[in-house]
Structures are given as C-alpha cells and as structure tokens.
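Now for the letters of each chain:
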Amino acid sequence: MTARPIDPLLTAIAGGVRLIELGHPFFTGMPCSPNHPGFRMTLIRRHGDMKRLDGGSAANEIIVTGGHVGTHIDALSHVSHDGLLHGGADAAEAQLGGEFTVHGAENLPGLLRRGVLLDVAAVHGVETLPPGYGVTADDLERAAERAGTEPGAGEVALIRTGWARLFGDATAYLGRESGVPGATVEAAEWLAARGVVATGADTTAYERIRPGAGHAVLPVHRVLLVEAGIFIIEHLNLEELAEAGLHEFAFLLAPLRIRGGTGSPVRPLAAVTT
C-alpha cells in the first residue's frame, strides 16, 4: 500500500493542541440584550420519572432562547438598512413566511481561520474600558502594533474591551444607564478595509452604547453586516486569551444551521500548539 502524505494539520494536532474557551456558558438568567428573549433551560424529565426494565433512567431538558442570546454570531439577515440586506436583497420580501429565504443562519460558515486579538483595554492600560467608550480606528492600529500583527483578508478580528469581567453583574454588563464600550463606525471601516470574514467583541452589542441611549441605532452593524458582509460575534470572553498573552491563534467556530434564522448560539475556541 502506498503511504499517503501526512496532512500538516494532523501533524500539528498530534503534537498537542491547547483549546481556550472564548465564550460564556449558557444559563437561565444570564445577561441578555433587552432586544431579545432570554435563555431558559429546565429539566423536563428527571432521573426516576421513568425507569426502564433494566433499572436504567434518563434525564433531559427543554431549552428556550433567542438566536442572539449569550455568545452568538449574527447572520447577514440580522440587520437591514433602508429596507435592504447585504447585497441589495429586499428584507421584507426575504422574510415572508416567517423565515429568511436570503442570508439565513443556515448559510453561516464554519470557521477555522487565523484569529487576531486586538486588546484595546491593554493599549489603554486598564482592565476594562470606560462605559460608553468608543473604540476608534487608531485604537485598533495601536492594538495591532502591540500584538505585532494585524488581521488580514479572510481572518477573524476579536476586540477586547475587558467588559467580560462584568458578566456576573447583569446591570453593569448591559450598561443601560452607564453605557457600554464598543466599536465606532471608523473602527468598523478599518476592519472592513482589511477584508476580515468575521469580528467579535466581549460585549452585548459590539457597538458603542452611550450612557442612557440603549440600542437606539446600530451603525456598526450596518457597516459590517449590510455593507461589507462581515459576520459579528458578540458576548465573547477574551480574558483567558489575553492573560495567556496570545495575539494570534487558530480560531474555531461552528454555528448551528438554523434555516431562515438571523443568528446562532456558538462555542468559539482558540487553538494553539502546546
């Protein structure tokens, strides 16, 4: 039998790979944007409710959630502007029948790409950026310089504000009155100019939320989803990645293929060799 050449990726995996969680666990009562129904999980069958003849028993749960709750990715159907989705698709027509016939979540790609951490909080020498702070293109430039690399075409850019440190305090994390840091339009344009396939942040909306303003407008979603066709990942937890000093890594993500949906819960991972 002729020996097949060994895939370099399999060789790297055989040498040892460390996986770093980039998301939060899902649980009842977790922080959730006021624009979306929250996550709920309960056991619908408990051990002992039904016993099999051999003494075995099983438990299972029921889960109710919105598609944009917890760590998740936005499909291109999530946001429209002036009635149009990415590529000029008519949003009203595309959503007839209760599910999107264009840009539905079943089209979200699985990702195994180079990821780059843009640690803006570290650039400013703080654990968390101030509430309502607008991350600028200059912030991303400085974060890329600090990392010694910047994201390129087809890659994934993750912006750290440090806000995941507040996830245990829903009031502070959601920042309805105090505000939430996030990308500005110029930061989104900086990312779009580099041709990234996806970008994410450790906040509820990716956007800058000014104090007391709430989610009134989503200009960054317009630039990324509608104009550039770049997927957005929200509610990330980038603390372990930052603490490990990792600025580039293999980024793994597999969305649920929800036909006609506008987003999907995800479990993103960073992979590095050990």
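The model shown is predicted, which means the values in this text are computed figures rather than measured ones. (Residues numbered from 1 in each chain as written. Predicted model: local features only at pLDDT ≥ 70, side-chain atom pairs only at ≥ 80, totals over all residues. Heavy atoms only, no water.)

Trainee: What should I look at first to understand the packing of aromatic side chains in this one?
Mentor: In total, this model carries three aromatic pairs according to the counting rule given. Relative to Phe167, the ring of Phe27 has its centre 6.3 Å away and its plane inclined at 85°; by these criteria the two rings are edge-to-face. With Phe27 in the loop between β1 (17–21) and β2 (40–45) and Phe167 in the loop between β7 (156–160) and α5 (170–174), this pair connects stretches of sequence that are 140 residues apart. Among the residues examined, Phe27 registers a relative accessible area of 35% and is labelled partly exposed. Members of the aromatic cluster, joined through ring pairs, are Phe27, Phe167 and Tyr173. The positively charged end of Arg194 is found above the aromatic ring belonging to Trp190, 3.8 Å away from the centroid. (Phe/Tyr/Trp six-rings, centres within 6.5 Å; stacked < 30°, edge-to-face > 60°. Helix = DSSP H or I, 4+ residues; strand = E, 2+ residues; numbered from the N terminus. Buried < 20%, exposed > 50% of the residue type's maximum accessible area, 1.4 Å probe, protein only. Lys NZ or Arg CZ within 6 Å of the ring centre and 35° of its normal.)

Trainee: What is the right way to look at the nonpolar core in this model?
Mentor: Note on soluble globular proteins: their nonpolar side chains tend to be buried together. Ranked by internal contacts, the top residues of the largest apolar core, which has 54 residues, are Leu22, Leu118, Leu140, Leu158, Leu191, Tyr206 and Phe251. Top contributing element to this core by residue count: helix α7 (residues 219–228), with five residues. Every residue in contact with Leu118, bar those within four places of it in the chain, is listed here: Leu140, Ala143, Ala144, Pro151, Ala157, Leu158, Ile159, Arg160, Trp190 and Leu191. Residues Trp163, Phe167, Val180 and Ala205 belong to the second largest nonpolar core, which totals eleven residues. (Core = buried A, V, L, I, M, F, W, Y, C linked by side-chain atoms within 4.5 Å. Contact = heavy atoms within 4.5 Å.)

Trainee: Help me understand the sheet that holds strand β5 (residues 111–119), please; the structure alone is not making it clear to me.
Mentor: Strands pair in a sheet through their backbones, by hydrogen bonds, and they do so in one of two ways: parallel or antiparallel. Overall, mixed pairing links the nine strands, which are arranged β1-β13-β11-β5-β7-β9-β10-β4-β12 in an open sheet. Each having just a single partner strand, β1 and β12 (263–265) make up the two edges of the open sheet. Looking at each pair of strands side by side, their axes are set apart by 30° on average, direction ignored. Relative to β7, β5 is paired through five bridges, and the arrangement is parallel. Bridge pairing in β7 links Val116 to Ala157. Strands β5 and β7 of the sheet are contacted by helix α4 (residues 137–147), whose axis makes an angle of about 105° with β5. Contacting β4 (72–74), β9 (198–201) and β10 (231–234), α7 crosses the sheet at an angle of about 135° to β10. (Pairing = 2+ DSSP bridges. Axes fitted to C-alpha atoms, helices over the stretch in contact; angles between N-to-C directions.)

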